[in-house]
Amino acid sequence: MSQTIHLSPPDVGPLEESYLVAALRSGWVAPAGPDLQAFEHDIAERVGTNGAVAVSSGTAALHLALLGVGVRPGDVVIVPTLTFVATANAVHYIGARPVFVDCDPRTGNLDVDLTADLLRRLRSRGERVGAIVPVDMFGSCVDYLSLAPVCAEAEVPLVEDAAEALGASHRGQPAGSFGHAGVLSFNGNKIMTTSGGGMLVSDDVALLDRARHLSTQAREPARHYEHRETGYNYRLSNLLAALGRAQLLRLDEMIARRRQLRDHYAKLFAPVPGVQLLGAEDTESNCWLTVITVERERCGWQADDLAAHLAERDIETRPVWKPMHLQPLHAGAESLLTGAAERLFADGLTLPSGSALTEPQIARVLAAIDEFLAAQTGGPAA
Ligand SMILES: *Cc1c(COP(=O)(O)O)cnc(C)c1O
């Protein structure tokens with residue numbers, strides 16, 4: 001039987017091995033160490049912020065970011081409905097309430113006009129809006145040129161969930177640097193990985209110092225264990241930071257591989273009416289995951305048909321994120337919707353996009369899609 005082709009598996013090799021073994025042999029096994037500091041420095045440099053705090057996950061970084069910008073229990077926080085659950089979970093950790101906003105159907109990113117509208121409605125009702133958390137969906141930056149003034153005018157802090165977007169940019173400015181604080185993830189399926197990990201980035205050094213303090217159980221500087229407040233065990237290990245340093249050296253090469261894959265898909269689907277690549281116009285995306293949208297009325301088949309065809313051939317695909325307002329967890333949550341996220345959930349399909357895919361694997365995926373398209377002789381449905 002052929003080997004399963006996954007959506008976005010980790011891409012690690014001899015460089016990662018050598019960095020990890022070197023860290024192990026250096027004796028800096030736990031908890032902190034020089035690789036941790038160097039990794040924070042290198043990420044801050046890459047993103048263009050004053051500093052960074054390495055933590056155990058992107059979700060932990062989101063939690064610290066929201067605390068850092070002053071979100072309080074009872075606040076509302078504006079979150080795109082099309083996102084991974086972590087964005088909303090971090091809001092819950094604080095006892096604040098996420099309010100969901102729909103997306104732009106062409107990019108999957110939050111709809112800026114709708115967000116401005118929601119902000120006005122919430123404020124006219126006297127709600128305290130603790131933050132807005134735009135998500136750079138699938139590695140493509142939100143239109144910050146439009147969103148930033150909306151946040152500034154309302155004096156609501158912007159926290160950028162750039163968990164999927166390291167290496168992307170918007171008008172030349174790196175993803176992660178647009179908000180008061182930004183969040184990155186190094187989970188196993190992301191553009192680069194530390195097997196699990198995340199990073200908080202910001203220009204606000206006081207915010208970063210405070211986050212670093214909270215991430216180490218809020219231990220006071222004393223010889224004994226002294227604590228004044230509740231902290232968290234969120235620090236990234238020095239060993240994993242070493243892995244991250246090696247991955248960061250290869251980031252551009254890995255992005256180039258993903259972009260190549262996206263180009264293959266673009267070529268393959270170009271002649272198919274009704275099939276489009278999500279966010280295809282964004283040349284600054286890191287191409288984390290390639291998503292197609294399928295209009296059944298125009299091409300005569302739907303995303304699920306292609307997914308089933310590929311699954312039979314051990315090729316993994318996924319729907320886009322199930323919108324938060326449809327999740328049982330958020331039943332009854334307040335949302336401002338246009339239907340765009342629900343349509344993307346129904347019509348979108350995430351294709352194998354990993355930089356570790358070999359040439360024969362890529363050829364196998366493309367041939368399987370080709371075969372599917374050739375079999376759709378029925379043409380558009382009547
Ligand atoms: C992956 C992801 C996260 C969370 O990252 P973890 O490191 O898995 O905790 C947050 N937001 C979005 C949009 C993500 O895709």
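Residues numbered from 1 in each chain as written. Predicted model: local features only at pLDDT ≥ 70, side-chain atom pairs only at ≥ 80, totals over all residues. Heavy atoms only, no water.

### Some thoughts on the sheet that holds strand β10 (residues 275-277)
Adjacent strands of a sheet pair through backbone hydrogen bonds, lying either parallel or antiparallel. Pairing is antiparallel in the open sheet, where three strands are placed in the order β10-β11-β13. The sheet is open, and its two borders are formed by β10 and β13 (348-351), each paired with just one other strand. Within the sheet, the average angular offset between the axes of one strand and its neighbour, ignoring direction, is 30 degrees. Sheet analysis places β10 next to strand β11 (residues 290-294), joined by three bridges and oriented antiparallel. Looking at the pairing, Val 275 lines up with Val 294 of β11. Running at roughly 55 degrees to β13, helix α12 (residues 340-347) makes contact with β11 and β13 of the sheet. (Pairing = 2+ DSSP bridges. Helix = DSSP H or I, 4+ residues; strand = E, 2+ residues; numbered from the N terminus. Axes fitted to C-alpha atoms, helices over the stretch in contact; angles between N-to-C directions. Contact = heavy atoms within 4.5 Å.)

### Comments concerning the sheet that holds strand β3 (residues 97-101)
In spatial order, the strands read β4-β2-β3-β12; together these four strands make up an open sheet with parallel pairing. With one partner strand each, in any of the chains shown, β4 (129-132) and β12 (335-336) form the two edges of the open sheet. As defined by bridge partners, β3 adjoins β12 across two bridges and the pair is classed as parallel. Within β12, the residue paired with Phe 100 across the bridge is Ser 335. Running over the sheet, helix α5 (residues 112-124) touches β2 (76-80), β3, β4 and β12 and is turned about 140 degrees from β3.

### Some details on the domain arrangement of the protein
Accessible area lost upon the coming together of the parts is a frequently used measure of interface size. The domains assigned to the protein are domain 1 (14-249) and domain 2 (251-377). Facing 48 residues of domain 1, the contacting portion of domain 2 comprises 33 residues. Summing both sides of the interface, domain 1 and domain 2 together bury roughly 3400 Å²; the carbon and sulfur share of this comes to 59%. When the area that domain 1 buries against domain 2 is broken down by residue, the three leading residues are Phe 100, Phe 138 and Ile 191, summing to 24%. If you look at where domain 1 meets domain 2, you find three salt bridges. The partner of Arg 46 in a salt bridge is Asp 252, and the shortest N-O contact between them spans 2.9 Å. Counting the contacts that link domain 1 with domain 2 gives 23 residue pairs in polar contact (both at pLDDT 80 or more). Where the side of domain 1 that touches domain 2 is concerned, the elements lending two or more residues are α4 (86-93), β3, α5, β6 (169-170) and α8 (238-249). Residues that form the side of domain 1 that touches domain 2 fall into these classes: 24 nonpolar, 14 polar and ten charged. (Domains from an automatic or database assignment. Buried area = accessible area lost by both parts, 1.4 Å probe. Salt bridge = Lys/Arg side-chain N within 4 Å of Asp/Glu carboxyl O. Polar contact = N/O pair within 3.5 Å; in protein donor to acceptor, adjacent residues only side chain to side chain. Nonpolar A, V, L, I, M, F, W, Y, C, P; charged D, E, K, R; others polar.)

### Thoughts on the pattern of salt bridges
One pass over the full model with this rule turns up 23 salt bridges. Notably, a salt bridge pairs Arg 313 with Glu 371, separated by 3.1 Å at the nearest N-O pair. You can see Arg 313 sitting in the loop between α11 (303-312) and β12 and its partner Glu 371 sitting in helix α13 (residues 359-375), a full 58 residues away along the chain. The exposure class assigned to Arg 313 is partly exposed, which follows from its relative accessible area of 28%. With a relative accessible area of 41%, Glu 371 lands in the partly exposed category. (Buried < 20%, exposed > 50% of the residue type's maximum accessible area, 1.4 Å probe, protein only.)

### Some details on the packing of aromatic side chains
Tallied over the full model, the rule gives six aromatic pairs. Centre to centre, the rings of Phe 138 and Trp 288 are 6.5 Å apart; their planes meet at 20 degrees, and the pair counts as stacked. One end of the pair, Phe 138, is in the loop between β4 and α6 (144-154); the other, Trp 288, is in the loop between β10 and β11, with 150 residues separating them in the sequence. The exposure class assigned to Trp 288 is buried, which follows from its relative accessible area of 1%. With centroids separated by 4.3 Å and ring planes inclined at 10 degrees, the aromatic side chains of Tyr 144 and Phe 178 adopt a geometry described as stacked. Taken together, the residues span a long stretch of sequence, with Tyr 144 in helix α6 and Phe 178 in the loop between β7 (173-174) and β8 (181-185) at a distance of 34 residues. Each of the two residues, Tyr 144 as well as Phe 178, counts as buried. The positively charged end of Arg 219 is found above the aromatic ring belonging to Tyr 225, 3.9 Å away from the centroid. (Phe/Tyr/Trp six-rings, centres within 6.5 Å; stacked < 30°, edge-to-face > 60°. Lys NZ or Arg CZ within 6 Å of the ring centre and 35° of its normal.)

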